[in-house]
Amino acid sequence: MEPLDCVFCAIARGDLPSYRVLDGDDVIAFLDIHPVAPGHTLVVPRRHAATLLEMPEAMAGPLFAAVARVARAVARAQGADGVNVLQANGPAAGQTVGHLHVHVVPRRHGDGLRLHIPSGPEATDRTAMAAQAERIAAALAAL
Ligand code: 5GP
Ligand code: ZN
């Protein structure tokens, strides 16, 4: 169910303005209103899902295909050296708009943006790693 106050649903319906770059049947894309770099674009399924965890699996193909197409276009339009694709699920992960969206951010060498995935210390506890993998695999099997 779509919440009445969802800003990205309103943008998808055309009830709120946006700088739209893609207007597909299932997926739209528009410029982020607080860009971290010129060309920072949000790729958004039309149908409301709060996060990736609630998204129907059938949406994964159209959404990721659109992300890849938009990434190619943003890179070309901005003359980028690289592209970050970022996605947050839940406030603890930094999500501020509760309608699934994927950020496409063009990057330049030396642009100073700190979007790299940080690396932790090497995991050396093999028992803990095996147990963790087992828990996740079991959870996957139970979905
Ligand atoms: P999140 O932090 O949830 O991953 O990202 C939400 C993004 O949506 C933010 O980067 C924010 O700038 C953007 N945003 C929030 N409200 C609007 C809006 O009304 N229009 C547009 N174009 N972007 C928005
Ligand atoms: Zn929505």
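The structure we're discussing is the one just above.
Described in the following lines is the structure provided in the data block. (Residues numbered from 1 in each chain as written. Chains lettered and ligands numbered in written order. Predicted model: local features only at pLDDT ≥ 70, side-chain atom pairs only at ≥ 80, totals over all residues. Heavy atoms only, no water.)

**Topic: the overall build of the protein**
For the record, the criterion: In this description a helix means any DSSP run of H or I spanning at least four residues, a strand means any run of E spanning at least two, and both kinds are numbered starting from the N terminus. Note on classification: 1.4 Å probe, protein chains only; a residue is buried when its accessible area is under 20% of the maximum for its type, exposed when over 50%, partly exposed between these limits. Residues count as neighbours in contact if any of their non-hydrogen atoms are within 4.5 Å of one another. The Shrake-Rupley method, run with a 1.4 Å probe, gives the accessible areas here. Residue values count only the displayed protein chains as cover. When charges are counted, Lys and Arg are positive and Asp and Glu negative, with His and the chain ends excluded. The location of each charge is read from NZ of Lys, CZ of Arg, CG of Asp or CD of Glu.
Looking only at helices and strands, the protein features three helices and five strands. Seen through its C-alpha atoms, the protein measures out along the principal axes to roughly 50 × 45 × 25 Å. Taken across its 143 residues, the protein has 31% of its residues classed as buried. In the protein, of all internal contacts separated by at least 6 residues, the share reaching a separation of at least 24 is 53%. When the accessible surface of the protein is summed, it comes to about 9,700 Å², and 59% of that surface belongs to carbon and sulfur atoms. Taken as two groups, the 12 positive and 14 negative side-chain charges of the protein have centres that lie 6 Å from each other.

**Section: helix α2 (residues 60-78)**
Short version of the rule: In a helix, the anticipated span is given by 1.5 Å times the number of residues less one. It is the directions from the helix axis to the C-beta atoms whose arc is reported.
Here α2 contains 19 residues, and its C-alpha end-to-end distance of 26 Å stays within 8% of the 27 Å for a straight helix at 1.5 Å per residue. Buried within α2 we find L63, A66, V67, V70, A71 and V74. Buried residues in α2, looked at end-on, bunch into an arc of 140°, giving them a common side. Opposite the packed face of α2, turned more than 90 degrees from it, sit the exposed residues R72 and R76. Residues of α2 that are buried sit in contact with β1 (20-23), β2 (27-31), β3 (41-45), β4 (82-86) and β5 (102-107). Of the residues flanking the end of α2, it is G79, one or two places downstream, whose phi is positive at about 60°.

**Side note on the pattern of salt bridges**
The cut-off we apply is this: Any carboxyl oxygen of Asp or Glu within 4 Å of a side-chain nitrogen of Lys or Arg constitutes a salt bridge here.
Taken as a whole and assessed by the stated rule, the structure comprises five salt bridges. In this structure, D23 and R20 form a salt bridge, with 2.9 Å as the shortest nitrogen-oxygen distance. Judged by its relative accessible area of 29%, R20 falls in the partly exposed class.

**Things to note about the side chain of T41**
Applied cut-off: Polar contacts, as counted here, are pairs of nitrogen or oxygen atoms within 3.5 Å of one another; within protein the pair requires one atom able to donate a hydrogen and one able to accept it, and residues that are adjacent in sequence qualify only if both atoms are side-chain atoms.
Along the chain, T41 falls in strand β3. A polar side-chain atom of T41 sits 2.7 Å from the main-chain carbonyl oxygen of G39. With residues up to four places along the chain from it excluded, the contact list for T41 reads V21, A29, F30, L31, D32, V70, V74, V102, H103 and V104.

**Some details on the coordination of the zinc ion (ligand 2)**
This is how it is decided: Only nitrogen, oxygen and sulfur atoms within 2.8 Å of the metal, or 3.2 Å for Na, K and Ca, are treated as donors, and water is left out, so sites may look incomplete. Geometry is assigned from the angles between donors: four donors with all angles from 85 to 135 degrees make a tetrahedral site, four or six donors whose opposite pairs exceed 155 degrees while the rest stay between 65 and 115 make square planar or octahedral sites respectively, and everything else is labelled irregular.
The protein atoms donating to the zinc ion (ligand 2) are C6 (SG), C9 (SG), H48 (ND1) and H99 (ND1), with metal-donor distances spanning 2.0 to 2.3 Å. Geometry at the zinc ion (ligand 2) is tetrahedral, judged from the four donor atoms that bind it and their angles of 103 to 115° at the metal. For the zinc ion (ligand 2), the single-chain donor residues occur in sequence as C-x2-C-x38-H-x50-H. Here the residue C9 occupies a position in helix α1 (residues 7-13), and H48 occupies one in the loop between β3 and α2, the gap between them amounting to 39 residues.

**Quick notes on the site of ligand 1**
Stated formally: For this description, a residue counts as near a given molecule or strand if any of its non-hydrogen atoms is within 4 Å of it.
Around ligand 1 there are 15 residues in total, and L31, D32, T96, H101 and H103 lie nearest to it. At 2.9 Å, a backbone N or O of L31 approaches a nitrogen atom of ligand 1. Here G94 contributes a backbone N or O atom positioned 3.2 Å from an oxygen atom of ligand 1. Coverage of ligand 1 by the protein chains reaches 80% of its 520 Å² of free accessible surface. Broken down by secondary-structure element, the contributors of at least two residues to the shell around ligand 1 are α1 and β2. Ranked by the residues each element gives to the shell around ligand 1, the list is headed by α1, at three residues.

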